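Reading the structure
Spelled out, the chains give:
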Amino acid sequence: MSIYPYLALILSFGGSVCVYLASRHQLWLKKVWPAPYLRYIGFILLGISLVLVVTTMQLVAGVFMMLIWVMLLLVLFPYIGAWKSLRRAR
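Throughout this document, residue positions are counted from 1 along each chain, in the order its sequence is written. Residue-level local features of this predicted model are given only where pLDDT is at least 70; pairs of side-chain atoms are given and counted only at 80 or more, and the full residue set underlies all totals for whole chains, interfaces and linings. To get the side-chain values, take all heavy atoms of the structure and skip hydrogens and water.

**Observations concerning the overall build of the chain**
Across its full length, the chain carries three helices and zero strands. Walking the chain from its N terminus toward its C terminus, one meets helices and strands in the order α-α-α. Reported as C-alpha extents along the three principal axes, the dimensions of the chain are approximately 45 × 25 × 20 Å. Note on contacts: a residue pair qualifies if any of its non-hydrogen atoms lie within 4.5 Å across the two residues. Nonlocal contacts in the chain, meaning residues at least 24 apart in sequence, comprise 66% of its contacts between residues at least 6 apart. Accessible surface area values rest on a Shrake-Rupley calculation with a 1.4 Å probe, where residue burial reflects the displayed protein chains alone. As presented, the chain carries roughly 6500 Å² of accessible surface, and 75% of it is formed by carbon and sulfur atoms. Numbering goes from the N terminus for both helices and strands, where a helix is a DSSP run of H or I of at least four residues and a strand is a run of E of at least two.

**Regarding the environment of Ala 61**
Mapping Ala 61 onto the fold places it in helix 3 (residues 59-89). To sort residues, take the accessible area from a 1.4 Å probe on protein chains only and compare it with the maximum for the residue type: under 20% means buried, over 50% means exposed, and anything in between is partly exposed. The partly exposed category is assigned to Ala 61, whose relative accessible area is 32%. The sequence separation of Ala 61 and Gly 81 amounts to 20 residues, and the corresponding C-alpha distance is 31 Å.

**Focus on the environment of Arg 90**
Counting through the fold element by element, Arg 90 comes out in the segment after helix 3. Classification of Arg 90 by relative accessible area gives exposed; the value is 87%. On a C-alpha basis, the gap between Arg 90 and Ile 68 in space is 34 Å, while along the polypeptide they are 22 residues apart.

**Details of the packing of aromatic side chains**
Note on aromatic contacts: the rings of Phe and Tyr and the six-membered ring of Trp form a pair at centre separations within 6.5 Å, being stacked when their planes are under 30 degrees apart, edge-to-face when over 60 apart, and tilted otherwise. Enumeration according to the criterion identifies two aromatic pairs in this entry. Seen from their ring centres, Phe 13 and Phe 77 are 5.9 Å apart, and the 80 degrees between their planes marks the pair as edge-to-face. Placement of the pair is Phe 13 in helix 1 (residues 4-21) and Phe 77 in helix 3, with a sequence separation of 64 residues. The class of Phe 13 is partly exposed, set by a relative accessible area of 39%. Judged by its relative accessible area of 3%, Phe 77 falls in the buried class. Pairing Tyr 20 with Phe 77 gives two aromatic rings, centres 5.7 Å apart and planes at 55 degrees, and the pair type is tilted. Of this pair, Tyr 20 sits in helix 1 while Phe 77 is found in helix 3, placing the two residues 57 residues apart along the sequence.

**A short note on a nonpolar patch on the surface**
Together, Phe 64, Ile 68, Met 71, Leu 72, Val 75, Leu 76, Tyr 79, Ile 80 and Trp 83 make up an exposed nonpolar region whose accessible area comes to about 950 Å². A relative accessible area of 40% places Ile 80 in the partly exposed class. Like charges are joined within 9 Å and nonpolar side chains (Val, Leu, Ile, Met, Phe, Trp, Tyr) within 5 Å, but only among residues with over 30% relative accessible area and no salt bridge; these make up the patches. Salt-bridge detection follows one rule: a side-chain nitrogen of Lys or Arg within 4 Å of a carboxyl oxygen of Asp or Glu.

Have a look at this one:
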């Protein structure tokens, strides 16, 4: 088994974090970082991870796997931020 799918999952995690932190409504950091740079870095990481997955899997299966993974992450990140802000309030 190739290491590329695992590397792609890690890169897409980093890309999703960058895309989430580019939002002005993110709850992880008190200070908002420059959004255009984070967004570009996030999309580049997501693109590289998509290329890595497509080289080791079939096109449809690889794209489906990446989209489901990124969707799961981008749904969970706001809940993690809300949990963190609730713990900070206590």
